[in-house]
Amino acid sequence: MNFHTRKWIKPQDLNPNQTLFGGRLLEWIDEECALYSIIQLENPKTVTKYMSEIDFRSSAKQGDIIEIGIEVVKFGSASLTLKCEVRNKMTRETIITVDKIVMVALDENGKPKPHGKTKVEFVKDRLEDK
Ligand SMILES: CC(C)(COP(=O)(O)OP(=O)(O)OC[C@H]1O[C@@H](n2cnc3c(N)ncnc32)[C@H](O)[C@@H]1OP(=O)(O)O)[C@@H](O)C(=O)NCCC(=O)NCCS
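The protein is annotated in an unreviewed UniProt entry as Acyl-CoA hydrolase from Zunongwangia mangrovi. Its UniProt record gives the protein the following Sequence similarities (unreviewed entry) comment, quoted word for word: "Belongs to the acyl coenzyme A hydrolase family."

In the vicinity of the ligand there are 13 residues, among which Thr48, Lys49, Ser77, Ala78 and Ser79 approach most closely. For the ligand, an oxygen atom lies 2.7 Å from a polar atom in the backbone of Ala78. Relative to its unbound accessible area of 950 Å², the ligand is 46% covered by the protein chains. Looking at the shell around the ligand, the elements that each hand over two or more residues are β2 (46-51) and β6 (94-105). Ranked by the residues each element gives to the shell around the ligand, the list is headed by β2, at four residues.

The next point concerns the environment of Ile101. Mapped onto the secondary structure, Ile101 falls in strand β6. For Ile101 and Cys84, which are 17 residues apart along the polypeptide, the C-alpha to C-alpha distance reads 7.9 Å. Leaving out residues up to four positions away in the same chain, Ile101 has contacts with Ile29, Cys33, Tyr50, Met51, Leu80, Thr81, Leu82 and Cys84.

To continue, consider the nonpolar core. Leu25, Ile29, Ile66, Leu82, Cys84, Val86 and Ile101 are the most contacted members of the largest nonpolar core, which totals 25 residues. If you list the elements that add at least two residues to this core, you get α1 (22-41), β4 (65-75), β5 (79-88) and β6. In this view, Cys84 contacts Met1, Ile29, Ile68, Gly69, Ile70, Ile96, Thr97, Val98 and Ile101; residues no more than four positions away in its chain are not counted.

Overall, the coordinates contain ten salt bridges when judged by the stated rule. Salt-bridge contacts for Lys89 lead to Glu67; the nearest nitrogen and oxygen are separated by 3.5 Å. Within this pair, whereas Lys89 is found in the loop between β5 and β6, its partner Glu67 is found in strand β4, the two being separated by 22 residues in sequence. Residue classification places Glu67 among the buried residues on the basis of a relative accessible area of 9%. Linking Asp125 and Lys124 is a salt bridge whose minimum nitrogen-to-oxygen distance equals 3.5 Å. In this structure Lys124 comes out as exposed when scored by relative accessible area, which is 55%. One salt-bridge network, in which partners are shared between bridges, spans Glu42, Lys117, Glu121 and Arg126.

The next subject is unusual backbone geometry. Backbone geometry at Gln18 places phi at a positive 65 degrees, although glycine is not the residue there. With respect to the element layout, Gln18 can be found in the loop between β1 (2-8) and α1. Located in the positive-phi region is Arg92, a residue other than glycine, with phi close to 65 degrees. Relative to the helices and strands, Arg92 is located in the loop between β5 and β6. The exposure class assigned to Arg92 is exposed, which follows from its relative accessible area of 72%.

Thresholds, definitions, all that
- Residues numbered from 1 in each chain as written.
- Predicted model: local features only at pLDDT ≥ 70, side-chain atom pairs only at ≥ 80, totals over all residues.
- Heavy atoms only, no water.
- UniProt positions renumbered as here; feature names shortened; annotations may be inferred.
- Near = heavy atom within 4 Å.
- Polar contact = N/O pair within 3.5 Å; in protein donor to acceptor, adjacent residues only side chain to side chain.
- Areas by Shrake-Rupley, 256 points an atom, 1.4 Å probe, with all protein chains shown as cover.
- Helix = DSSP H or I, 4+ residues; strand = E, 2+ residues; numbered from the N terminus.
- Contact = heavy atoms within 4.5 Å.
- Core = buried A, V, L, I, M, F, W, Y, C linked by side-chain atoms within 4.5 Å.
- Buried < 20%, exposed > 50% of the residue type's maximum accessible area, 1.4 Å probe, protein only.
- Salt bridge = Lys/Arg side-chain N within 4 Å of Asp/Glu carboxyl O.

If you want it as structure tokens, here you go:
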């Protein structure tokens, strides 16, 4: 799993218990998956279709640093299935794992559009191919 993005927990990210608000974390995960999928599928109209059960296993407090990891599970026809893990860099605990997140590439009419991708590509290699 590639842990690409780090976040710093700030006052505006907290719940009334003074720990990381779950909705904020889901927003970060969704954004991370969208960015990853848009780049992999080379389609800016890529949306979240499905997210499997989520289980908040531990939390984070103000000032903690967390990291968000994404891994490809499967390339489909118009879909890309990902899994995600978020870890607390301070406590080294897993905050959340999401086993299945399905992102779908769309055409100009908002219908699923086959992306033709079968494996993870690196932008560096794409540039070298040009
Ligand atoms: C994305 C959307 C166009 C898909 O429409 P659909 O009628 O389900 O399309 P399909 O049945 O052709 O499925 C498209 C792909 O999604 C996958 N998929 C659909 N429903 C799924 C589900 N419940 N779980 C997992 N994968 C699913 C299909 O397997 C298919 O994958 P493939 O192309 O690799 O074979 C439509 O559901 C939609 O617009 N949803 C709203 C998306 C959105 O706006 N998200 C932002 C948050 S609100």
